[in-house]
Amino acid sequence: MFVGPNGYGKTNLVEALWYSSTLSSHRVATDAPLVRIGAPRAVVSTIVVNDGRECAVDLEITSGRANKARLNRSPVRSAREVVGVLRAVLFAPEDLALVRGDPADRRRYLDDLATVRRPRIAAVRADYDKVLRQRTALLKTATGGRMRGDRGVLDTLDVWDGHLATHGAELMAARIELVNELAPEVVKAYSLLAPGSRTASIGYRASIDIGVLDIELLQAALLAEMARRRDAELERGVCLVGPHRDDLELRLGDQPAKGFASHGESWSMALALRLAAYELLRAEGGDPVLLLDDVFAELDAARRQALAAAAASAEQVLVTAAVADDVPRDWDATQVMIALREDDSGRVSAVQT
Ligand SMILES: Nc1ncnc2c1ncn2[C@@H]1O[C@H](COP(=O)(O)OP(=O)(O)OP(=O)(O)O)[C@@H](O)[C@H]1O
Ligand SMILES: [Mg+2]
């Protein structure tokens, strides 16, 4: 349990761990804010123990350039190789965006979880993002129908359609499979947090019809939809078809959570999504580390208790709080007070009590 005043670096600690688990921040979309202003790079070093085996993960984050990573002190070719070593689930105030925010927030929830479970998804995401960028760039050069008759552009577009369908279908399949497994866990978690309330449910909403889960069928459906909407895409210069347009639908009873759920219900939904993720990871080997950033202050007594119960059975939990009283009293937790260094270097030092 990390306790300290606002702005002393508690979230910074948790974010560093989350970053070394997923290679992305839960707070910001780019790497620049992760590097201390004026410093050339940020470094995150962790020692992870899985099944009694120690693994040292070192990450070097340089804004605007590829990250460097080492596993057990040996450099690896791509930072992505460290994904999955530290399996973690993070719950933070930012999670309200899972319910109230844009589809992009929910896609990221799915993709981050899919990646922690199956590290090879990191490559699928990277491939898809690349294809999406390049296909969008091509569409932009042809916006407004200027090049519509240009055979060269159309042939190139056909090639990119193929790439988008290949990687897009893989990404969609991973998400749909994940949502199928998550769905019953979300129902359970929500009813634990809000007993007697309406049932929570989730579903994957795609820009194409999904019948049975089959990669080749998804590919064909993506290709068909791109062909159908080609004129609109050329007109607007954007990719209108693919998993980057999809959403994770959250419902309470028969209403969509977004726009209808109350503040507390939205919180419970967000928390249910995280607890469901935790259960999925836990079911397949090794308890994930549970990271709880400043969450108890936001919850009412019943929800606090439900979260505390889930956390109590976890192998390792890191909790941050500005006020120690916000954390359940009966927790037998090691308390670490966060204080500024006396030399005023701005660094955080942890003083154990
Ligand atoms: N890139 C950066 N360079 C320098 N300082 C930064 C950078 N990014 C964030 N900070 C500062 O680091 C400090 C620590 O932030 P952090 O979010 O970890 O605090 P916290 O202890 O979680 O606070 P709270 O209790 O309010 O949540 C903040 O004052 C923040 O403004
Ligand atoms: Mg904080």
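In every chain, residue numbers begin from 1 and rise along the written sequence. Chains and ligands are labelled sequentially in the order written, the chains with letters from A and the ligands with numbers from 1. Given that the model is predicted, a residue must reach a pLDDT of at least 70 before its local features are reported, and side-chain atom pairs must reach 80 or more before they are shown or counted; all residues, however, enter totals for whole chains, interfaces and linings. Excluding hydrogens and water, the side-chain values take into account all heavy atoms of the structure.

A short note on the pattern of salt bridges
Where charged atoms of side chains with opposite charge meet at close range, the side chains can pair. Short version of the rule: Salt bridges, as used here, are contacts in which a Lys or Arg side-chain nitrogen is within 4 Å of a carboxyl oxygen on Asp or Glu. Secondary structure elements are defined from DSSP: runs of H or I of at least 4 residues count as helices, runs of E of at least 2 residues count as strands, and each element is numbered from the N terminus. Burial classes: relative accessible area under 20% of the type maximum marks a residue as buried, over 50% as exposed, and values in between as partly exposed (1.4 Å probe, protein chains only).
What the rule picks out here adds up to 24 salt bridges. For Arg41, the salt bridge identified is with Glu60, shortest N-O distance 3.4 Å. Placement of the pair is Arg41 in the loop between helix 1 (10–22) and strand 2 (42–50) and Glu60 in strand 3 (residues 53–61), with a sequence separation of 19 residues. On the accessibility criterion, Arg41 (43% relative accessible area) is partly exposed. On the accessibility criterion, Glu60 (24% relative accessible area) is partly exposed. Shared partners join several salt bridges into a network, and the residues in it are Arg135, Asp158, Asp161, Arg230 and Glu233.

Regarding the nonpolar core
The following threshold applies: Put simply, buried Ala, Val, Leu, Ile, Met, Phe, Trp, Tyr and Cys residues joined by side-chain atoms within 4.5 Å make one nonpolar core.
Counting 81 residues, the largest nonpolar core has Tyr109, Leu182 and Leu292 as the members making the most contacts within it. Among the elements that take part in this core, helix 5 (residues 151–193) stands out by supplying 19 residues, more than any other. Counting 30 residues, the second largest nonpolar core, distinct from the first, contains Ala42, Val48, Leu59 and Ala88.

Some remarks on the site of ligand 1
Put simply, the rule is: Throughout, near means a residue has at least one heavy atom within 4 Å of the molecule or strand. N or O atoms within 3.5 Å of each other form a polar contact, as long as, within protein, one can give a hydrogen and the other can take it, and as long as residues adjacent in sequence are counted only when both atoms are side-chain atoms. Residues are grouped as follows: Ala, Val, Leu, Ile, Met, Phe, Trp, Tyr, Cys and Pro are nonpolar; Asp, Glu, Lys and Arg are charged; all remaining types, including Gly, are polar.
The environment of ligand 1 is formed by 13 residues, the closest being Gly7, Lys10, Thr11, Asn12 and Val35. At 2.9 Å, a side-chain N or O of Asn6 approaches an oxygen atom of ligand 1. Within the backbone of Val35, a nitrogen or oxygen atom sits 2.9 Å from a nitrogen atom of ligand 1. Among the residues making up the shell around ligand 1, the classes are represented as five nonpolar, five polar and three charged.

Things to note about the sheet that holds strand 5 (residues 74–75)
To be explicit about the condition: By definition, two strands form a pair when at least two bridges between them are found by DSSP. Throughout, a contact is declared for two residues whenever any of their heavy atoms are within 4.5 Å. Each axis is a line fitted through C-alpha atoms, and for a helix only the stretch in contact is used; angles between axes span 0 to 180 degrees, taken between their N-to-C directions.
Across the sheet, four strands lie side by side as 2-3-4-5; this open sheet has antiparallel pairing. Strands at the two margins of the open sheet, each flanked by one partner only, are strand 2 and strand 5. Note that strand 2 and strand 3 share nine bridges and pair antiparallel. Bridged to Ala42 within strand 3 is Ile61. Sheet strands touched by helix 1: strand 2 and strand 3. Its angle to strand 2, the strand with the most contacts, is close to 70°.

A word on helix 6 (residues 215–228)
To keep things clear, this is the line we draw: What a helix should span is 1.5 Å times the count of its residues minus one. Here the arc refers to the set of directions running from the helix axis out to each C-beta atom.
For helix 6, with 14 residues, the first-to-last C-alpha span of 20 Å sits near the 20 Å given by 1.5 Å per residue. Those residues of helix 6 not exposed but buried are Leu218, Leu222, Glu225 and Met226. Buried positions in helix 6, seen along its axis, are confined to an arc of 100° and lie on one side of it. Residues of helix 6 that are exposed and angled more than 90 degrees away from the buried face: Glu216, Ala227 and Arg228. Tucked into the core, helix 6 has its buried residues touching helix 4 (121–141), helix 5 and helix 7 (230–236). A distance of 2.9 Å separates the backbone nitrogen of Glu216 from a side-chain oxygen at the start of helix 6, and that oxygen is part of Asp214.

Focus: the sheet that holds strand 7 (residues 200–205)
Strands belonging to one sheet form pairs held by backbone hydrogen bonds; the direction of such a pair is parallel or antiparallel. If you trace the three strands from one edge of the open sheet to the other, you get 7-8-9, paired in antiparallel fashion. The open sheet has two edge strands, strand 7 and strand 9 (255–256), and neither has a second partner. As paired elements, strand 7 and strand 8 (residues 247–252) share six bridges and run antiparallel to each other. The residue of strand 8 that forms the bridge with Gly203 is Glu249.

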